[in-house]
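# Residue-level structural notes
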Amino acid sequence: MTESRRYPARPFLAASVAVVRDGRILVAARGGAPLHGLYSLPGGLVESGETLAESALRELREEVGVEAEIVASLTPIEVIERDAESRVRHHFVIVPHAARWLRHEPAPSEEALDVRWVTLAQAAELPTTAGLSGILAQALAALEGGA
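The sections below set out a description of the structure shown in this document. (Residues numbered from 1 in each chain as written. Predicted model: local features only at pLDDT ≥ 70, side-chain atom pairs only at ≥ 80, totals over all residues. Heavy atoms only, no water.)

## Quick notes on the environment of glutamine 122
Mapped onto the elements of the fold, glutamine 122 is located in helix 2 (residues 120–124). Contact partners of glutamine 122, with chain neighbours within four places excluded, come to Arg24 and Trp117. Reaching out from glutamine 122, the side chain makes a polar contact with the side chain of arginine 24 at a distance of 2.7 Å. (Helix = DSSP H or I, 4+ residues; strand = E, 2+ residues; numbered from the N terminus. Contact = heavy atoms within 4.5 Å. Polar contact = N/O pair within 3.5 Å; in protein donor to acceptor, adjacent residues only side chain to side chain.)

Below is the structure:
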């Protein structure tokens, strides 16, 4: 993580994407800080002029090489980390999306150490970022409801 993201003056806006294929969701082990090695969704910071959905799909392509179609926005989450003096060290507002897989097999990268298609039960056995299981359940519900 770059030094400019530590002790921010305001939260950073990010988008992520839960890609569903055949009842399984794509998760990736984070390659960078914070939370290195924990499984989460592909995603990252929203760039100026980019919609949340565009950002989520761009990050998906960049991190794991997959193409998908957004089906729904999911409940946003906030990641706030404080230091020993209670100062805000990191603050991210992340808007996850549910998406249907279109093409390309996922591949690891610098940002995604490992990639897996998992069921909810399999995801529960992995070391994950906080709140991931709830996001995965929402994504599956959005796809099943829209099918």
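From this point on, the discussion continues.
## Concerning helix 1 (residues 52–64)
With 13 residues, helix 1 extends 18 Å from end C-alpha to end C-alpha; this agrees with the ideal 18 Å at 1.5 Å per step. Turning to helix 1, its buried residues number three or more, namely Ser55, Ala56, Leu57, Arg58, Glu59, Leu60, Glu63 and Val64. On its buried face, helix 1 is in contact with strand 1 (12–21), strand 2 (24–30), strand 4 (43–45), strand 5 (67–73), strand 7 (88–103) and strand 8 (112–118). Positive backbone phi, at 80 degrees, marks glycine 65, one or two positions downstream of helix 1. (Expected span 1.5 Å × (residues − 1). Buried < 20%, exposed > 50% of the residue type's maximum accessible area, 1.4 Å probe, protein only.)

## Focus: the side chain of serine 55
One can find serine 55 in helix 1. With relative accessibility at 0%, the residue serine 55 sits in the buried group. Discounting chain neighbours no more than four positions away, the residues touching serine 55 are Ala15, Gly44, Leu45, Val46 and Glu50.

## Overview of the environment of valine 19
As for its position among the elements, valine 19 is in strand 1. Taking C-alpha positions, valine 19 is 19 Å from glycine 37, a pair spaced 18 residues apart along the chain. Setting aside anything within four residues of it in sequence, one finds valine 19 in contact with Arg24, Ile25, Leu26, Leu60, Ala68, Ala99, Arg100, Trp101 and Trp117.

Shape is all these values report; function is a separate question.
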